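Chain by chain, the residues run as shown.
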Amino acid sequence: MTSPKPTSASAADIRVTRAGPLALLQDAGRFGVRHLGVTQGGPADQYSWAWANRLAGNDWGAAALEVTLGGLSLEAQRDLTVAVTGADLGATLDGQPLPLWRPVPWKAGQTLSFGTPVHGLRAYLAVAGGIDAEPVLGSVACVVREQLGGLDGQGRALAVDDTLSVGPATGAERLDPAPPGVAIDWSAPVVLDLIPGAQVGSFTGRSLYDAFNADWQVDTRADRMGVRLTGPRLFSDVRSLVSEGINLGSVQVPPDGQPIALLNDRQTIGGYPRLGALTPLAASRLAQCAPGEIVRLRAVGADAALIRYRAFRAALLHPA
């Protein structure tokens, strides 16, 4: 993973002119610190974040902006190259629609803005060269709850008049749009791959049938920490469980029987029985689902999930 570069105090390549509800700086995440109770952070939709960086000519791990629900406006202070992927938040460049999933020149003085969600929740804006910030515990990933990372190291979302510095672009002289099939079809039915976990056998047969055959609705209680799914009640015979480590995508089932899929800003340990864990790509897809959206769970083996994830990483290095 490419380590984030320290911020240059004199550089001001991008200025925030409108902040929006939640725009966060995210690199690949914070690892090796969960034993301290510090969560992972990083992009909620790793798939879109990774492709934004790839299209901007950045290496894996470069810091980009995660823009949730739109409302953000940025002014370029010098000529840059940018790529926007993920949700369609009505992005514009000087009032004209901004093409998604492809590199675009961003000239000095131009304003790049995000409106309101058309499809999905989170867009990713990568700038050729990556956005500079000082790492905290090895990462610039912004976790608001823990007040870690981000532009100033304090876990703060972007605010009006913040300035961002951009590193030197490498490989930006010849950038191509995303290959066919890479951009997500947000209108397609959402099927989330789940690897069954250690406590899956504690659920009743009826509960397991419902888990993988019923529709689940994304609840309003959803954020970067986790997403609650509402549907048939699931029953487990586990009455007490010693708290254990929680990985990305873990699907816990609390006493009310409604599963919670845990995402990047999750707690580090938990004591509820788990159906298993969403794959990283499934967690990315869930992070783009709006409240009320219907999803289904599909059981997959670890080997099949690993093959698919390796194919995703390989495509970033060697796009078709």
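Structural notes, computed from the coordinates. These numbers come from a predicted model, not from an experiment. (Residues numbered from 1 in each chain as written. Predicted model: local features only at pLDDT ≥ 70, side-chain atom pairs only at ≥ 80, totals over all residues. Heavy atoms only, no water.)

### Observations concerning the sheet that holds strand E4 (residues 73-76)
Convention followed: Strand pairing is assigned whenever DSSP detects at least two bridges linking the two strands. To qualify as a helix, a DSSP run of H or I must reach at least 4 residues; to qualify as a strand, a run of E must reach at least 2; elements of each kind are numbered from the N terminus.
Spatial ordering of the open sheet is given by E7-E6-E9-E4-E1-E14-E11, a layout of 7 strands whose pairing is antiparallel. Every other strand in the sheet has two partners, leaving strand E7 (96-97) and strand E11 (131-132) as the edge strands with one partner each. Here strand E6 (residues 92-93) runs beside strand E9 (residues 111-113); their pairing, made up of 2 bridges, is antiparallel. Paired with Thr-92 across the two strands is Ser-113, which belongs to E9.

### Some remarks on the sheet that holds strand E16 (residues 216-222)
Threshold: Angles run from 0 to 180 degrees between N-to-C directions of axes, and those axes are lines fitted to C-alpha atoms, restricted for helices to the stretch in contact. Two residues qualify as a contact provided that any one of their heavy atoms is within 4.5 Å of a heavy atom in the partner residue.
On the basis of which strands lie adjacent, the closed barrel formed by 7 strands has the order E15-E22-E19-E20-E17-E16-E23 and mixed pairing. Between one strand and the next, the sheet's axes are offset by a mean angle of 40 degrees, whatever the strand orientation. Sheet topology note: the strand E15 (residues 190-196)/strand E23 (residues 294-299) ladder contains 5 bridges and is parallel. Note on E23: the bridge partner recorded for Leu-194 is Ala-299. Of the strands in this sheet, E15, E16, strand E22 (274-278) and E23 touch helix H2 (residues 205-213), which is tilted by about 120 degrees from E23.

### Some remarks on empty space enclosed by the protein
Empty space among the atoms becomes visible once a probe the size of a water molecule is rolled across them. To keep it simple, the criterion reads: As defined here, a cavity is a set of points on a 1 Å grid over the protein atoms alone where a 1.4 Å probe fits but cannot get out. A pocket is an open set with protein on both sides within 12 Å along at least five of seven lines, and residues line them when an atom is within 4 Å of a point. Grid points are joined across faces, edges and corners, and a volume is the space filled by probe spheres set on the points.
Inspection of the entire model under this criterion finds 1 cavity of 30 Å³ or more. Considering only enclosed or pocket space, the largest cavity measures out at about 70 Å³ in volume. Taken together, Ala-28, Gln-40, Pro-43, Ala-44, Gln-46, Leu-248, Asn-264, Pro-280, Ala-283 and Ser-284 make up the lining of the largest cavity. Considering every element that reaches the lining of the largest cavity, the biggest residue donor is helix H3 (residues 280-286), with 3 residues.

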